[in-house]
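Coordinates in review
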Amino acid sequence: MDDYRNLLLRVSTNLKSQKSMSYNSNSEYNIFQILGVAKKEVVMCRFLTDLLNPEGRHGCGILFLKSFFNDVLKSPINDTLLAHTDVIGEFGIDNERRIDIVICNAQFFIPIEVKIYAGEQEGQCYDYYEYAKKFDEHTQIVYLTRFGSEPTEYSRKAKDKAEILPNDKIKRISWEKDILGWLSALLIQLKEPIKSMVMQYMDAIHFIADRRDDRMMEKNLEILYESVDFFRAGIQIEKHMKAAKLRLIGLVFDDFKKEMDIALSKYGLELEKNANYYSYEEKQHEKFYDCYSTYPGLNYIVKRAKFKNSGLQMWFRIEIEHNLFAGICLFDTKAMPKDGSSKGHPVNEITAEILDEAARYLDRNIVTPADWWLAWCYPNGKRQDDYYDDVPDFKHMNQCAINLADDQKRAEFVKNAAAVFKERLLNYLL
């Protein structure tokens, strides 16, 4: 038992150390992340191209280009030449090839190939160099990757030839150190609004060049290999973690059930016990981590809601798909599922007629029908289908979900979430 405890203590210490070194974003509202730009090489390149361009929209003249030559390429040049330098994005060299960024003037021609997540193309670096050397015999390929990796022989070797581009014709730079370091040093010289935009761009770079998980894995592997006992303990912990996470889901719903008990009479709710449709207590949810989702949930009947179809019920349901959310939905107790399971099934289509009936019991203003749902929200009150740090994700076990393993934090979360569900959903029951 001491081996398990010691192993967990060592790993926990590593995790706390890594969190203390984590990056804090400069902006809570980052346009690059909102648009998903960080993963899109073309858009990241376009912003970088404009920064490097002396005539770019940033309005800073040669400031960015000059410091790029000084601090990144380590090749200072005079201001006059910089002012007469062209920076061109997506520079076409034939019908197939486009160099991400080209910096050129009367003296040199520098191609920059940018990689974030895209793979290499056959002969790519070789072709770019061969094209560039026609204008500048001393040129090098600048190869910009997340961590400064070098291109493989697949990219350096000419198509259908034995020739290969030597490594000394390639200057490797990284988003992680070179680009971030270059921009960080410039911040003090920048004015608004370009300063804020550069800071947000740096946030996006931090996102694509984050190696904390890799470093954490390496440290934990070192611990596991310290002894056979630690390795054995790690295997046992791995076997038990799925059960531990499933138990946590159960504890969360247990707490919600207790919290909802005090609100049943106020909202005219009754715990649903007959259909037990995707109830969190069903054994099938032991497969939650083996498939997309088994949708564990907690169902309450809105007792005063009556429909022409006597089998139709309005429910308030708290559910976990990946993230936890709650909503008002419609269930048909008389429907016969095609898969042969127990009687009863969610309403397949919320027709205009059903909607008119439902509007007698639920404020029509909050109704946005989707599948069997009339209205829903996350525990932070938001309805946009998205990822939120303050909403527990039980598939990927984000920090919000992990925090729920603590009894006090779980009780506080459930209390606050139930209050949001009442405000955004149950208070609109008529």
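Below: a short report on this structure.

What counts as what
Residues numbered from 1 in each chain as written. Predicted model: local features only at pLDDT ≥ 70, side-chain atom pairs only at ≥ 80, totals over all residues. Heavy atoms only, no water. Helix = DSSP H or I, 4+ residues; strand = E, 2+ residues; numbered from the N terminus. Buried < 20%, exposed > 50% of the residue type's maximum accessible area, 1.4 Å probe, protein only. Contact = heavy atoms within 4.5 Å. Areas by Shrake-Rupley, 256 points an atom, 1.4 Å probe, with all protein chains shown as cover. Salt bridge = Lys/Arg side-chain N within 4 Å of Asp/Glu carboxyl O. Axes fitted to C-alpha atoms, helices over the stretch in contact; angles between N-to-C directions. Parallel < 35°, antiparallel > 145°, perpendicular 65-115°, else oblique. Left-handed = near helix turned anticlockwise from the far one by under 90°. Nonpolar A, V, L, I, M, F, W, Y, C, P; charged D, E, K, R; others polar. Pairing = 2+ DSSP bridges.

From N to C terminus, the protein chain includes 15 helices and eleven strands. In the protein chain, which comprises 430 residues, the proportion classed as buried is 47%. Counting contacts in the protein chain only where the partners sit at least 6 residues apart, residues at least 24 apart contribute 63% of the total. By element, 49% of the accessible surface of the protein chain is carried by carbon and sulfur atoms, the whole surface being about 23800 Å².

Right, let's talk about the pattern of salt bridges for a bit. This model, assessed by the stated rule, comprises 15 salt bridges. Among the ionic pairs, Asp-290 bridges to Lys-242, the shortest N-O distance being 3.1 Å. Of the two residues, Asp-290 is situated in the loop between β6 (269-271) and β7 (297-302) and Lys-242 in helix α11 (residues 228-261); the sequence distance between them amounts to 48 residues. A residue is classified by how much of its surface remains accessible, and Lys-242, at 33% relative accessible area, is partly exposed. One salt bridge connects Arg-410 with Asp-255, and the closest N-O pair in it is separated by 2.9 Å. In this pair, Arg-410 sits in helix α15 (residues 407-424) while Asp-255 sits in helix α11, placing the two residues 155 residues apart along the sequence. Here the two residues Arg-410 and Asp-255 agree in accessibility, since each one is buried. Taken together, the shared-partner salt bridges in this structure form one network comprising Asp-255, Asp-407 and Arg-410.

In contact at an axis separation of 12 Å, helix α3 (residues 41-52) and helix α9 (residues 194-208) are set at 140° when each is read in the N-to-C sense. As summarised for this structure, α3 and α9 are arranged oblique, according to the angle between their axes. Viewed along their axes, α3 and α9 form a crossing whose handedness is left-handed. Facing α3, whose interface residues are Met-44, Phe-47, Leu-48 and Leu-51, α9 presents Ile-194, Met-197, Val-198, Tyr-201, Ala-204, Ile-205 and Ile-208. Here the contact of α3 with α9 is built from residues that sort into eleven nonpolar, no polar and no charged.

Generally, phi is negative for residues other than glycine and the peptide bonds are trans, each holding for most cases. Going from Glu-192 to Pro-193, the amide bond is cis rather than trans, its omega being 5°. With respect to the helices, strands and loops of the structure, Pro-193 is situated in the loop between α8 (175-186) and α9. Unlike most non-glycine residues, Glu-90 shows phi in positive territory, near 50°. Note that Glu-90 resides in strand β1 (residues 86-92). Judged by its relative accessible area of 33%, Glu-90 falls in the partly exposed class. Residues other than glycine seldom take positive phi values, yet Asp-371 does so here, at roughly 55°. Within the secondary structure, Asp-371 sits in the loop between α13 (352-358) and β11 (373-377). When its relative accessible area of 63% is taken as the criterion, Asp-371 is described as exposed.

This part is about the sheet that holds strand β5 (residues 170-174). Strand order in the open sheet formed by five strands is β1-β2-β3-β4-β5, and the pairing between neighbours is mixed. Either end of the sheet is taken by a strand with one partner, and the two such strands are β1 and β5. Between one strand axis and the next, the sheet turns through 25° on average, direction left out of account. Pairing of strand β4 (residues 141-145) with β5, which is carried by five bridges, proceeds in the parallel orientation. Residue pairing for β5: Ile-141 is matched across the bridge by Ile-170. In this fold α8 packs onto β3 (109-114), β4 and β5, with an angle of close to 75° to the strand it touches most, β5.

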